[in-house]
Structures are given as structure tokens and as C-alpha cells.
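If you want the building blocks of each chain, they are given just below.
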Amino acid sequence: MSTRRDFLKTAAGLAAASAMGGLPMSAMAADGYYKIPLKKPLKIGFVYIDPIGNIGWSYQHELGRKHMQEVLGDQVQSVAVENVADARAEAVFRQLASSGHQLIFTTSFSFMNPTLKVAKEFPNVIFEQATGFKTAPNMGNYNGRFYEAQYLSGLVAGAMTKSNKIGFILPFPIPEVYRVVDAFTIGLHETNPKATVSTVWVNTWYDPGKEREAAQTLVASGVDVIATHTDSPAPMQVAESHGIYAIAQDSNQIKYGPKAQLTGVIDNWGPYYVETARRVLEGRWKPESTWGGLKSGIVQLAPLSPAVPKDIADLVMKRKAEIENGTFNIFTGPLYDQSGKLKVPAGKSLSEGELLGLQWFVKGVEGKAS
Amino acid sequence: MNNAVWISLLAGVVVAATPLLLAAAGELVCERAGLLNLGVEGMMAVGAVCGFIAAFTSGNAYLGLLAGLVAGLLCGLLFAWLTVQLMADQVATGLALTILGHGLSGFIGHGYAGDSITGLPALPLPGLSDLPVLGPILFQHTLPVYVALALVFGVHWFLSRTRAGLTLRSVGEDPKVSYSLGLRVNATRYAAAAFGGAMAGFAGAFLSTSYTPMWAEGMVAGQGWIAVGLVVFATWRPLRLLVGAWLFAGVGIGQLFSQAAGLDLNTYLLSALPYLAVVVALVLISRDPLRIRLNTPASLGRPFRAET
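Residues numbered from 1 in each chain as written. Chains lettered and ligands numbered in written order. Predicted model: local features only at pLDDT ≥ 70, side-chain atom pairs only at ≥ 80, totals over all residues. Heavy atoms only, no water.

*Asks:* Which parts of the structure should I look at to understand the interface of chain B and chain A?
*Replies:* For interface size, the figure often reported is the accessible area lost on association. Contacts between the two partners involve 31 residues from chain B and, on the opposite side, 34 residues from chain A. Summing the contributions of chain B and of chain A, the shared interface buries around 2700 Å²; its carbon and sulfur component is 55%. At the boundary of chain B and chain A, one finds 1 salt bridge. Counting the contacts that link chain B with chain A gives 6 residue pairs in polar contact (both at pLDDT 80 or more). (Contact = heavy atoms within 4.5 Å. Buried area = accessible area lost by both parts, 1.4 Å probe. Salt bridge = Lys/Arg side-chain N within 4 Å of Asp/Glu carboxyl O. Polar contact = N/O pair within 3.5 Å; in protein donor to acceptor, adjacent residues only side chain to side chain.)

*Asks:* Please explain the confidence of the model for chain A as it appears in this structure.
*Replies:* Low-confidence regions, as indicated by low pLDDT, have predicted coordinates that should not be scrutinised in detail. Looking at chain A as a whole, its pLDDT mean stands at 89, while 92% of the residues score no less than 70. In the predicted structure, residues 1–26 of chain A sits below a pLDDT of 50 and forms 58 contacts with residues beyond four places in sequence or in another chain. (pLDDT = per-residue confidence, 0-100.)

*Asks:* What exactly am I supposed to notice about the environment of A87(A) here?
*Replies:* Along the chain, the position of A87(A) falls in helix α3 (residues 86–98). Sequence separation between A87(A) and F111(A) is 24 residues; the distance between their C-alpha atoms is 9.5 Å. (Helix = DSSP H or I, 4+ residues; strand = E, 2+ residues; numbered from the N terminus.)

*Asks:* Would you mind going over the environment of S58(B) with me for this structure?
*Replies:* Residues and elements named next belong to chain B. You can see S58 is positioned in helix α2 (residues 40–58). Using a relative accessible area of 38% as the deciding quantity, one classes S58 as partly exposed. As a C-alpha pair, S58 and A33 span 25 residues in sequence and 36 Å in three-dimensional space. In this structure the side chain of S58 is engaged in a polar contact, spanning 2.7 Å, whose partner is the backbone oxygen of A54. Only 3.0 Å separates the side chain of S58 from the backbone nitrogen of N60, close enough to count as a polar contact. (Buried < 20%, exposed > 50% of the residue type's maximum accessible area, 1.4 Å probe, protein only.)

*Asks:* I would appreciate a short explanation of the domain arrangement of chain A in the present structure.
*Replies:* All names here are of chain A. Under the domain assignment, chain A is made up of domain 1 (9–143 + 269–292) and domain 2 (146–268 + 299–366). Here the C-alpha centroids of domain 1 and domain 2 sit 29 Å apart. The interface is formed by 18 residues belonging to domain 1 together with 24 residues belonging to domain 2. The junction of domain 1 with domain 2 conceals about 1700 Å² of combined surface from both sides, 63% of it contributed by carbon and sulfur atoms. Between the two partners, domain 1 and domain 2, sit 0 salt bridges. Our count for the domain 1 to domain 2 interface comes out at 3 residue pairs in polar contact (both at pLDDT 80 or more). The set of elements that each furnish at least two residues to the side of domain 1 that touches domain 2 consists of α1 (9–19), α2 (57–72), α9 (270–281) and β11 (289–292). For the side of domain 1 that touches domain 2, the element with the highest residue contribution is α1, accounting for 6 residues. (Domains from an automatic or database assignment.)

*Asks:* I'm lost on the pairing of strand β10 (residues 261–267) of chain A in this one. Help?
*Replies:* Two faces make up the sheet, and in a regular strand the side chains alternate between them. All names here are of chain A. For β10, a buried count of 7 out of 7 residues is recorded, marking the element as mostly surrounded by other parts of the structure. Where strand β9 (residues 245–248) lies against β10, 3 bridges are found, and the strand directions are parallel. Bridge pairing in β10 links A246 to Q261. Summarising the sheet, β10 and strand β12 (residues 299–301) pair through 3 bridges and their orientation is antiparallel. By the bridge assignment for β12, I266 is matched with Q300. (Pairing = 2+ DSSP bridges.)

Structural data, given as C-alpha cells:
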């Protein structure tokens, strides 16, 4: 499981900005749509890198698949292949493609190159790959703006902390991680300018033991809210056992922290899967890079804990609405980096390209940036 | 940094060292009998999943520990059957056991990933837990933490002070001579492998019922391999396991804490520190190759066939 989403994600952020433009147009119809001879019902394959389980990254994709199946009913017929190691990915994609599946979702960053390779072999099959950055005439990609929900979580954490110290457990120094930590800290300072964020890099996406130890040491150093961008519920368990708070990641972790969970980031792929399958069914699909957040519903905010005061809950809902209707940009200046240097002047915001390649921490984050 | 922080960090080290101590003590006994079982990682995974399922279905985490122990014991017996009875290659069998354990644990635990249990309660030892400093560091933990500490001393006593321990060591040193003296070589090796398996399973169950009370595939995350390494590190001497396990856990937690404290250090270097520390220690030990050779069980890894 440790390989899921893979180290290569570093490259994703860096290269994404440059790769998003260049789609080869030759294979497309004049209207830009990529049309394939459809058989009904549309057979759809999903490939997951982890076992599905009842929590976490792949489980959220499985919830999305079920949602799509429910909404579209007998127009589609979907199947999930779980626990697919990188080395077996190509074979699984080929098998799905050659057994009549015409839309295939591959849900790990590390599946990007295998998907591209198999997509070229099966021009009559449409591929959609999660969190990567490459496209082909019959291959698109999609990702979530997890930082939007982390910003809202930061608003809540700022109001709830008493020690003014928040701990953040981090996997790898990639733009996705800088984005969530920075957005969280910007939210934190909006409700509590004195609070700081202590970071601990664990250099793994998933290792319950190590995540627990990281959470324990953060508690020992005095934090009273723990956030994480790793995938196990161990930090939530630690928070619960110490009577402090935590922010959920990927899935709702209320089972692991009935008192501890303040709110959190929930991946919600269902609406995207419905929309994509509809486009394929109606001949309106084209290869795109989709980066959806709260507005599209790909990213959701976990329910707020009853412990959150009403004025803060109102502020969270107000900001959420503003993010959704585009009137509020989280990364708006003045923003300073850790050394106090002005990075974004007042009135300016980070561009999409700058966000995709973000590599620095804002002021208020303590601990090294990599 | 005040005392409370130090105490809580050291208590964390003692707990983090527990699965390593348990699994390594079991493996040490197994190796002293001449069996090199590289399947510790797989046996821990099986122990973890069986322990979690038992704890989840019964609602009693102690039953989970027992189930993990029994599951590990069965894995150990399987290893003994293959290597002692059928004389399969020990290294290959151990590696196969690790792979089997991984796959099997994923298969058995399929429907349980993401379920939550109430972990083992802490059992402060009466009298001892109130000691200043030492109390919170050593005596306010869950049952397996005490078992691990007692086990290290128990194994030391068993190997150096009992007749059965002497038999086990002589079987490990020279099975042929032992056999000709009338010692039951195969039975001894079976027992040692079963014990090693049981302790690995117990260590796995500690992970899934106490350390991080959950089941998730791959949650053992290499700790079985570290346990195997610790046995060499300890040059097959039980008490030295304590040094190795505490050093390893201590450096691991220390590097996380130095980050939380905002020290400006390279995190990749810090992550590598526990391993680096072990390498340095091994280099220091092996400056005298004779000492390693004297300590290594002479028949380690070699099959034994009784000549008739």
C-alpha cells in the first residue's frame, strides 16, 4: 500500500503546469469531442491500487463508483478491480479494455504511464486517470483541490486551539502538500493570528506506526490540534486518546475520533464519475485535465463537530460559499514566506500555474520546508 | 524542554520498541536452535489480522492478543514442518512465509479494514507506576509492553540457566553431536520455531489491538525485518536486544520530535538515522570478527538429517 500515489507525484506538480495545454487534436472530431462506437449498456472499469477496505483513498473511489452506478442505473455496468500493484496495472487495463469496457478509470498517480501506453493500444476505449498530468486523444485526467477544505479546517482549528500550536503530519515535499499546509495556515491565521503550525515529515503515504509516533511527538511538544496529509487514521486515534482535536483526511474518520474530529477533507468522486460517464454516453467527452474542488463536489468538508462555536461555523459556511461562487481566493496577498519575505503583495493572488508548482511554506509554519 | 516532555518521549520509545522486542526475542530463540526464519514479517501480519478480527468480533482485545499468538504459533509450526521435516531451504521457506503472510493477512482481513475497536487498556503496575520518572516511562503501559520486557530477561535466563536452554543451544551449535548424545533435535527445533512464531504473532497482535488499534493491509510495515536484523545486532544475546530495540525506536522517535520542535535538520537524513545507527553499531561490533563467529549458532540455516 505504501506505493499508492507514489513518489513520482513530485513530478506531477512540477510538470502539470506545462503539460496541461498540449493535447494532440488530430484524432478528434471538429467539435473537439472524441467519439467512439458505443455499445449499450456502457461497460465501465475502475482500477484501484489498494484493497477497497472501509476507509481511505481507494474506498472513496469505490463510493464514487457506487454512486455513479446508482444514478445512471442500467445505462452503465461497472466493475472494480482492487489491490492492483503498479507492475500488474497494464495487464489489468488491457484485460478490461479487451473485455468490452469502454470507459476505464485508473485511480493512482503511478498508473499514469501504464494508462497512456494502453490507451494508445485501444483507441475505442476512453481512459480517465486520477492525479496525473498526461493526456492523450482518448485519455483525460482528474484531481481534487484538497487545499480548499484544508483552508476551512484551518479556520476551525484556529478557533479551537488553546495552546496556539497545531501539528501537521506530512508525507512528501510535493506541491500538493505545500498547498494544503499553506491553505490550512492561511485559514488558521484568519481566526487566530497567534497560532503556529509545527510540521513533521514522515516520508510515507501510509504507515500507521510511524504516523502514530509522529502524532505522539507532536502531542508531547504541546500541540492540541493534529492535521495530516497521510492516509491512516492513526493520528485521529492518538488525538482521541489524548483528548485533543484532529482533522480527518480522505474519509470521514469519526469512528476513530468521535470526540476528536473537528472536521476534515473528504474525497468525493461520485459527481465526477456520473458527469464523465454521461459525457461518454452522449458523445460529449473530450480529453481534459479536471481539477475540481468544493464547487464541483470532488472535495467535501467533513461535518463540523458540535464543539465548534456557532460564529466559527457561520464563518466556515460563508467562506465555503464564497469559494464555491468564486468570490474568495484563498491565496490572496499579502502572503509572506517563512523568512518573512513578501511573496504575494496585497491585492494579488497566486495564479493556477503558481499553485500547481507551489514549493514554499507561508509564515506561521514552523519546521523545514522539505 | 521540560521533564514532562522527556518522560513522554521516553515512554513512547519503550512502547515503540515493544513489537521489535517481542518478535526479535522469538526469532533469537529460533535461530539459537539453528533455524533461520526470515518469515517474521509475514507471521506478524497474520498475527495482526487474526488478533484484530478476534478482538473485533469478541469485543475483548485480550482475546485478540491470544488469537494473534496462536496464529503466529501455527505459522511457526508450518515453517518447522517445511524446514525440519521436509528439509526445505530455510532462507527460501522464510521468504515464502513472508509473502504468504502478507497475502493471507490481506485475504483474511478483507472485510475488516477500516473497522474500529477499543484498544487494550493501560495497566499501571501498582506501586511501580507511582515512581518518579521511571513510573511513567516503564510502568504505565498495556500488557504486551511488560511481556516484552519480561520476555527478554526470561529468554536470557532460559538459554543460560536451564537444561532445556542448554539443549536448545547445543542443537543449534551441532545437531549431529546433539543427536548422538540422545537429544531430540527435531522436537527441539519444532518447539523453537513454534515459540518464534508465537512471539511474532503476539507482536503483530500488539500492533493491531494496542499500538494502532485497527487492521490495514501492510500495517506491519517492515518491523519484522527490523526484528530479524536486531537478532544479528544483538549477536544472538537476548539482553542486547534491549539496547538495539531501544536505540532503534529512540532514534526514530527522536527524529520526529526534532522536527516537531522546529530544529533545522534534513528530514531524509533524519529518517535514515535509525538505520544508520544500526549500521554503525554493527560495524563497531564486527570490528572483531571472531566475536561474531563465536556467537553465531554454528548450524544456523543448515538442515539436519538423522543418520541411521
